[in-house]
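Working through the structure, step by step
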Amino acid sequence: MYDIRRLILLRDPSERATMTAVSERHGITTSAVSQQLRILEEEVGTVLTRREGRVLRLTYAGRVPVDHTSRIVAALEEAESAVAATA
């Protein structure tokens, strides 16, 4: 099973375009972002991103988990709200 935090890091370049922007959003170094994306690529077994200068682009294979990540995050947020409503 893929780590949701890594999937979120993969999703963010599609919205933010640079590793710096992603690292700033999550409060981690660009090196840490790169490392986590490399680990995710190893888990998935294919290349998910490519660099074009300073911009990080998703490959076609990278877009597949990103599409699912948006739905997973929405479901987790819904679950969090439902739990909070029971308190």
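Here the structure is a predicted model, which means the values were calculated and not measured. (Residues numbered from 1 in each chain as written. Predicted model: local features only at pLDDT ≥ 70, side-chain atom pairs only at ≥ 80, totals over all residues. Heavy atoms only, no water.)

Points about helix 2 (residues 19–26)
- Of all the residues in helix 2, the buried ones are Met19, Val22 and Ser23. On an axial view of helix 2, the arc spanned by its buried residues comes to 95°, and they lie on one face. (Buried < 20%, exposed > 50% of the residue type's maximum accessible area, 1.4 Å probe, protein only. Helix = DSSP H or I, 4+ residues; strand = E, 2+ residues; numbered from the N terminus. Arc of directions from axis to C-beta.)

Some words on the environment of Pro13
- Looking at the element boundaries, Pro13 is found in helix 1 (residues 4–16).
- Measuring from C-alpha to C-alpha, the distance between Pro13 and Glu24 comes to 12 Å, with eleven residues separating the pair along the chain.
- With sequence-adjacent residues up to four places away left out, Pro13 is seen in contact with Val22 and Leu56. (Contact = heavy atoms within 4.5 Å.)

Examining the environment of Ala84
- Assignment of secondary structure puts Ala84 in helix 4 (residues 60–86).
- Taking the C-alpha atoms as reference, Ala84 lies 36 Å from Thr49; in sequence the two are 35 residues apart.

With respect to the side chain of Ser34
- As for its position among the elements, Ser34 is in helix 3 (residues 30–44).
- With a relative accessible area of 18%, Ser34 lands in the buried category.

Examining the side chain of Ser23
- Structurally, Ser23 can be placed in helix 2.
- The class of Ser23 is buried, set by a relative accessible area of 6%.
- For Ser23, the side chain forms a polar contact with the main-chain oxygen of Thr20, separated by 2.8 Å.
- Not counting residues up to four positions away in its chain, the partners in contact with Ser23 are Ile28, Thr29, Thr30 and Val33. (Polar contact = N/O pair within 3.5 Å; in protein donor to acceptor, adjacent residues only side chain to side chain.)

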